Amino acid sequence: MEDKEQWKLVFAVNGGRFELSNVDPSTTLLEFLRTQTPYKGTKLGCGEGGCGACVVLLSKYDPVLEQVEEFTVSSCLTLICSLNGCSITTTEGLGNSKSGFHPIHQRFAGFHASQCGYCTPGMCMSFFSALLNSEKSQRPDPPPGFSKLTVAEAEKAIASNLCRCTGYRPIADACKSFASDVDLEDLGLNCFWKNGESKDVSKLPFYDQKSEISTFPEFLKEEMKPKTLLDSEECSWYNPVSIEELQSLLESKLTENGARVKLVVGNTGTGYYKELEHFNTYISLKHIPDLSMIRRDSSGIEIGATVTISKAIQALREDGEGGFHSTIFFKKIADHMDKVATVFIRNTASLGGNLVMAQRNHFPSDIATILLATDSLVDIQKGCRRQKLTLEEFLEMPPCDSETILLSVTIPSWEPVENSSSETKTQLLFETYRAAPRPLGNALPYLNAAFLAQISSCISSDGVVLESVQLSFGAYGTKHAIRVRKVEEFLAGKFLNVGLLFEAIKLLREIVVPDKGISHPPYRSSLVASFLFDFLHPLVEARTGIFSDGLNGYINGFPVKASRPVNEFDQFDQTKRLGILSPAKQLVKVNREFHPVGEPIKKTGAEIQASGEAVYVDDIPSPKDCLHGAFIYSTKPLAHVKGIKFKSTVLPRGVLGVISVKDIPAGGKNIGITSSLGYEPLFADGLTEFAGQALALVVADTQKHADMAAANAVVDYDTEGLEAPILTVEDAVEKSSFFTIPPFAKPKQVGDFAKEMAEAEHKILSEEVNLESQYYFYMETQTTFAMPDEDNCMVVYSSSQCSEDTQMVIASCLGMPEHNVRVITRRVGGGFGGKAYRAMPVATACAVAAHKLNRPVRIYLNRRTDMIMTGGRHPMKINYSAGFKSNGKITALRVDILINAGISEDFSPIMPHTIERALKKYDWGALSLDVKVCKTNHTSKSAMRAPGDVQGSYIAEAVIEHVASYLSMEVDSVRNINLHSFESLKLYYEKGAGESLEYTLPSIFDKVAVSSSFQQRIAEIRHFNSCNKWRKRGISRVPAVYEVAVRTTAGRVSILNDGSIVVEVGGIEIGQGLWTKVKQMVAFGLSPLLCSGREGFLEKIRVVQADSLSLVQGGLTAGSTTSESSCAAVRECCDMLVERLTPVKERLRKQMDTVSWDVLILQAHLQYVNLSASTFYVPDFTSNQYLNYGAAVSEVEIDLLTGATTILQTDIIYDCGQSLNPAVDLGQIEGAFVQGIGFFMLEENLTNSDGLVVSEGTWTYKIPTIDTIPKRLNVEILNSEHHEKRVLSSKASGEPPLLLAVSVHCAIRAAIIEARKQLLSWKGSDGSCSSFQLKVPATMPVIKELCGLDNVESYLQSLLSHQ
Ligand SMILES: Cc1cc2nc3c(=O)[nH]c(=O)nc-3n(C[C@H](O)[C@H](O)[C@H](O)COP(=O)(O)OP(=O)(O)OC[C@H]3O[C@@H](n4cnc5c(N)ncnc54)[C@H](O)[C@@H]3O)c2cc1C
Ligand code: FES
Ligand code: FES
């Protein structure tokens, strides 16, 4: 490679030409877009391929076919050097505010599908790609305004993208509105047609199927010459075009001194195996034709190693030369591959890359497992030596070195072996399995498997003989997928019966054993039995039916069995056909009294969020000399920090310094968080007190260099002389390590518990429940940008829920007056409480670094650091005792709670109060509550959406469920009998209860039963459960009560010369729609000044960013009431302006009939009227608390073989008072509910034994996706009575609906009871089927364990014992 031909990298972004001659080959497309182009719409959410925030469209031109190929990619993993000759389209490329938005942007906005907006650009691009590709299909042209896309495809298009705010339903509706087969009646609330109006496509922003956006500019076609090398200062990128060239390149490069060579195809492997070191040579395999071919003949299909998984799926689905069986067999493989990763990963991830990762790194691959069962072969080459191996041999050889190239994979065709005897018929069975937290992919499986069997039947006998069987298992905590030869041999040639199956499973369990260290080993083991049972048992049952009916009863006539018997209840199969979600109802009433308040208008800025023009903190362009910071955090809970070093003796690449406690300026304090209750240091000062504590901040020229250096830092710890850390609440109790609870947060006792308990008819004594933590998972991680300003000032842009407090902490840390610190927040990409206190240390560290280096510094925490350092919801240990009557009426309840609060006070001392207020939702008779807030050596836990309330509400339901189980009563009647009367409500809630008319809960509780056909469905579920062995259903109805308090805040409304209005409020727009409600309120507040129409008046109003020096006393955006207090503040401002302007208007009225707004303002200027009004809103503290009510019914179905749950339907009724904006409130209700589903079902925030968070990314932390939310989510917003003491009679909606997600948990419990009943009958034992605890979150392993890890064996044994 001596005569290198240097080339330039040429590609296009949104039609514009980019040419690079000197680029670091490790640069990702996302990094490039965000730092070197004006396009900041594409967001960084995880950096590991798991969230979809960074999705863009990649277009490639094929000069032979003269076609442009378009597909999505995750730009966070795609390397820029791999894009020569490609074109990238980001959401900005679809349209924008200047040239006009794309109908996708407009429909996302109009269907209320964007809240914080951080996921929206990625969602839009995922959907755009599906839309574009559907138009290329041969389907008939759709009616005008629609596309060729189907509803099912529209939903699937966004199934890989995460959204933490909306709950997905509105996003799905926006996408479905383009589908040609959509019934517009099925689409949810939007601002294109009003209630009762005809739902006509012409009212939607027009989509012209014919007017395509050009995603591939003409000029690029000229620039696609084959080029081989890009050499930058230190690193090179090669594009060899033949295997020979590759070999010689490898030979020369690998022998170079210090060479670090990386072979690369899609580079998605770095999503899992993070690159912590630099490579100096990148060799892309993508341009070698031999590696990208697909060859197909009657013997099978050979797929080149660089073929992407998407392309492989496409090829496997095409009908080839193989027989009928092979065609279906390949389609089955394709269907499984369709669940590998996500669509935007599969589009670049290669088959070869997957297998090499499985071989070399023991990656839990799906592809290795399924191909192993099919006797696939691989071709590899090392030097000049080529070898054909079975996949099994390949997996078993020592890990491939960097010289070994995987060339191709061959999957053989399979046809049944004809048996010469006319007595028998042979058939081929093939099935693949994966049990994963998300049914449609984007989650690694707990176990995967593939089974291939030749079976035959003797016509004269009634049975099936397993001629041969191939069984492979993988991903269960093993080095690589394995073939279970011993079981294969055991089964081969045998007559299949229950006994044989039982013995095979027993044998299998002994062989397929998870390695040490993997999570949930017994669960994974149990899946082994489930899968084989699922594969073979229908054959035992079906017997000769399969053969005498020919191919009947099998999918497409092919004897590949359906994995579940199809029956009338098969909702899952139904949703597969129809799409993921079923049509849902949203019932909202619009109150026009305070127009435009009360209108469901779309969220302010939703379009620019969709088009990527909305500016978040990390989107603010960096000044030239800007630096970037990354935290080095402790991994020990309690230790002296003796030193911090980097692995190499020289400073890592790009690093300028390390900021620590020593760099806090003289006069400043080591303070990172402050609240009225306590404070937390910014950096550990010689002693680290919890794993995750900031030890220092590495500052480097780029975020990547800072992150890499921080990850490579080595900390020297010493624990000598230190006591053991306090890691559990029990340790804390032993050492009396508690935080003081302020008097107002101390729980108040109701009645005389001791007396009532003594007199109780029945008693539960001392039951323990544990609740774990939950991580915020806002899509935008913590981020700050700090800029030193003149005269020793600091300007800090922070993604924070409280600029005022952030300003205080920074000033205190830097030892400067607060007026030297300006904290600005425009919008936050999701907060959920995590950007209240927890944003402060990030902003403060950034400011310290900027101050010390006197240069702008920014920090954008990577997802891992964010998850490790930020804390989350409070874990707690609960113990309760209850006394009750035979009719289920509870008369006494005592609850003792130990909260694991972590190292500092933060919000924790308030928790006893928030737990108490939700726990009191039922009338317990006498209630005694004791809460201890334990100080432990963990990251401080903080407020997370409904903090304490969600736990309190859950405890209440746990008690109710327990009492019902004790009395063997229907849980619903126990709930009913314990609901408050208004009298008991007043006793429990004193201030918040209000007047009797306000107590809407009993009527809501009844109403939701009617609207959801609760009683009828109970009967249907009973029937379902009696007909189904392996799936059980449960239903549950729960109430929620949530007390909120309206707080003080500031506001200012100013009218400018041209009549446009600028509004400042203390509240921060975090996606909750605060700006929208405030705008509506300003329009209403100033309406007395409007003579003529109000058309367009809303557009005159702009709410601007929170600026701690412009508007003081802004307060905290938290507690669900910030929108209403901000509205109350601006209303006061409007009242002042109306008072000042009314005389001007009256004077003008004498001269003209109507006074236009512009004339009024012009005159006011001339008359020196003060057109800016500001206020500090202080609610009436005697009546600032009120109760929110809601109720939900959820129905679930659990799979007893895997523990998977499907939420079939949820019906919610929520009282919003007189909603300020029903669309915004609906979004809050659905979004909060789905976040609650995450807490109750999916999200495991795990730590190691040192308390270090180990659920540190999208691989292990699973928030809900569109395939895990209720299939049907009906929501009704109740407009309850007017109330003068609430802001225009409105109520809060941000947090309370999260509590209703417990209905899903309770429904799962009901389904498990049914499963356990059945298990007991199989085991022939009595026992209780309802006395168990269902953990939170109720994940698949948890559910399966309760249904019986050995339920398959128990069933088979029961069959055997009856034979
Ligand atoms: C978010 C996400 C989710 C995923 N989920 C799943 C899942 O559910 N199931 C599953 O099975 N997989 C999953 N994967 C893995 C995915 O399939 C692989 O990352 C991908 O196939 C690797 O292909 P690539 O082209 O990107 O490889 P690269 O990242 O380019 O390379 C990976 C490694 O293989 C080497 N390599 C690549 N090709 C060759 C070759 N031909 N010869 C020799 N060495 C080679 C590279 O040097 C590198 O070390 C997931 C990946 C991501 C990012
Ligand atoms: S940022 Fe790329 S997928 Fe999350
Ligand atoms: S709107 Fe989807 S993450 Fe906020």
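Quick caveat, the model's predicted, so the values are computed rather than measured.

A. Broad picture of the overall build of the chain. When helices and strands are counted, the chain shows 39 helices and 45 strands. Taking 1363 residues into account, the globule formula puts the C-alpha radius of gyration at 34 Å, and the chain, at 32 Å, falls close to it. Of all 1363 residues assigned to the chain, the portion counted as buried reaches 65%. Residue pairs at least 24 apart in sequence account for 78% of intrachain contacts in the chain once pairs closer than 6 positions are excluded. Total accessible area on the chain is roughly 48300 Å²; 51% of this is exposed by carbon and sulfur atoms.

B. The sheet that holds strand E38 (residues 1049-1055), seen in detail. An order of E40-E39-E38-E42 is seen for the four strands of this open sheet, with the pairing classed as mixed. Strands with a single pairing partner mark the edges of an open sheet, and in this sheet they are strand E40 (1101-1103) and strand E42 (1172-1177). Shown here is a sheet whose adjacent strand axes are inclined to one another by a mean of 15°, direction ignored. Inspection of the sheet shows E38 paired to strand E39 (residues 1061-1065) by five bridges, in the antiparallel sense. The partner of Gly1051 across the bridge, within E39, is Val1065.

C. Quick look at the site of ligand 1. Every one of the 35 residues lining ligand 1 counts as a neighbour, but Leu263, Thr268, Gly269, Ser350 and Asp366 are closest to it. Here an oxygen atom of ligand 1 and a backbone polar atom of Val265 are 2.8 Å apart. The separation between an oxygen atom of ligand 1 and a polar side-chain atom of Asn354 is 2.9 Å. Relative to its free-state accessible area of 970 Å², ligand 1 is covered by the protein chains to the extent of 96%. Classifying every residue of the shell around ligand 1 gives 20 nonpolar, eleven polar and four charged.

D. Layout of the side chain of Asn84. Tracing the backbone through its elements, the reader meets Asn84 in the loop between strand E4 (67-74) and strand E5 (87-89). Its relative accessible area of 17% is what places Asn84 among the buried residues.

E. Representation of the pairing of strand E13 (residues 385-390) in the model. Two strands pair when backbone bridges link them, and strand E12 (residues 377-382) and E13 are joined in this way by six bridges, in the antiparallel orientation. Counted as the bridge partner of Asp379 is Lys388 from E13. Between E12 and E13, which pair antiparallel in sequence order, lie two residues; one of them, Gly383, sits at a positive phi of approximately 60°.

F. Spatial organisation of empty space enclosed by the protein. The final tally for this structure, using the stated rule, is seven cavities of 30 Å³ or more. Approximately 170 Å³ is the volume attributed to the largest cavity. Glu680, Ala694, Arg838, Pro841 and Met869 are the residues nearest the centre of the largest cavity, which is lined by 16 residues in total. Class assignment of the residues belonging to the lining of the largest cavity gives a composition of ten nonpolar, four polar and two charged.

G. Just the pairing of strand E33 (residues 857-860), in detail. Here E33 shows a buried face lined by Val857 and Ile859 and a second buried face lined by Arg858 and Tyr860. Here strand E21 (residues 627-633) pairs with E33 via two bridges, running parallel. Bridge assignment links Leu627 to a residue of E33, and that residue is Val857.

H. Looking closely at the pattern of salt bridges. With the rule as written, the count across this model stands at 72 salt bridges. With its nearest N and O atoms 2.5 Å apart, the salt bridge here joins Glu70 to Lys136. Remark: Lys136 occurs in the loop between helix H4 (120-135) and helix H5 (151-157) and Glu70 occurs in strand E4; sequence separation between them is 66 residues. For Glu70, a relative accessible area of 10% puts it in the buried group. The class for Lys136 is partly exposed, based on a relative accessible area of 40%. Between Lys877 and Glu768 there is a salt bridge, with the nearest N and O atoms lying 3.8 Å from each other. Of this pair, Lys877 sits in strand E34 (residues 876-884) while Glu768 sits in strand E29 (residues 762-771); the two residues are 109 residues apart in sequence, bridging distant segments of the chain. Assessed through its relative accessible area of 36%, Glu768 is described here as partly exposed. A single network of salt bridges, built from pairs that share partners, joins Arg34, Lys43, Asp618, Asp619 and Arg858.

I. Broad picture of the nonpolar core. One finds Phe473 and Trp924 to be the most contacted residues of the largest nonpolar core, which totals 255 residues. Excluding residues within four positions of it along the chain, Trp924 makes contact with Ile890, Thr891, Ala892, Leu893, Leu919, Ala956, Val959, Ile960 and Tyr988. Listed in part, the 113 residues of the second largest apolar core include Leu204, Leu351, Leu389 and Leu406.

J. Structural detail: the environment of His913. Structurally, His913 can be placed in helix H27 (residues 911-919). Judged by its relative accessible area of 17%, His913 is buried. Along the chain, His913 and Arg483 lie 430 residues apart, while their C-alpha atoms are 56 Å from each other.

K. Highlighting the packing of helix H3 (residues 103-110) against H4. Relative to each other, H3 and H4 sit at 125°, their axes nearing to 10 Å. In terms of orientation, H3 and H4 fall into the oblique class. Classified by chirality, the crossing of H4 by H3 is right-handed. On the side of H3, the interface is formed by Ile104, His105 and Phe108, while H4 contributes Thr120, Met123, Cys124, Phe127, Phe128 and Leu131.

L. Summary view of the confidence of the model for the chain. For the chain, the mean per-residue pLDDT works out to 92, and 95% of the residues sit at or above 70. Within the model, the stretch residues 544-577 combines pLDDT values under 50 with 67 contacts to residues more than four positions away or in other chains.

M. Looking closely at the packing of helix H33 (residues 1074-1086) against helix H34 (residues 1122-1151). In the contact formed by H33 and H34, the axes pass within 8 Å of each other and the chain directions differ by 25°. Judged on the interaxial angle alone, H34 and H33 are roughly parallel. By crossing handedness, the relation of H33 to H34 is classed as right-handed. In this structure, H33 uses Leu1074, Lys1077, Val1078, Met1081, Val1082, Phe1084, Gly1085 and Leu1086 to contact H34, whose residues at the interface are Thr1122, Ser1123, Ser1126, Cys1127, Val1130, Arg1131, Cys1134, Leu1137 and Val1138. Taken together, the residues of the contact of H33 with H34 break down into eleven nonpolar, four polar and two charged.

Conventions we followed
- Residues numbered from 1 in each chain as written.
- Chains lettered and ligands numbered in written order.
- Predicted model: local features only at pLDDT ≥ 70, side-chain atom pairs only at ≥ 80, totals over all residues.
- Heavy atoms only, no water.
- Helix = DSSP H or I, 4+ residues; strand = E, 2+ residues; numbered from the N terminus.
- Rg over C-alpha atoms; globule rule 2.2 N^0.38 Å.
- Buried < 20%, exposed > 50% of the residue type's maximum accessible area, 1.4 Å probe, protein only.
- Contact = heavy atoms within 4.5 Å.
- Areas by Shrake-Rupley, 256 points an atom, 1.4 Å probe, with all protein chains shown as cover.
- Pairing = 2+ DSSP bridges.
- Axes fitted to C-alpha atoms, helices over the stretch in contact; angles between N-to-C directions.
- Near = heavy atom within 4 Å.
- Polar contact = N/O pair within 3.5 Å; in protein donor to acceptor, adjacent residues only side chain to side chain.
- Nonpolar A, V, L, I, M, F, W, Y, C, P; charged D, E, K, R; others polar.
- 1 Å grid on protein atoms, 1.4 Å probe; cavity = no way out; pocket = protein on both sides within 12 Å on 5 of 7 lines; lining within 4 Å.
- Points joined across faces, edges and corners; volume = space filled by probe spheres on them.
- Salt bridge = Lys/Arg side-chain N within 4 Å of Asp/Glu carboxyl O.
- Core = buried A, V, L, I, M, F, W, Y, C linked by side-chain atoms within 4.5 Å.
- Parallel < 35°, antiparallel > 145°, perpendicular 65-115°, else oblique.
- Left-handed = near helix turned anticlockwise from the far one by under 90°.
- pLDDT = per-residue confidence, 0-100.

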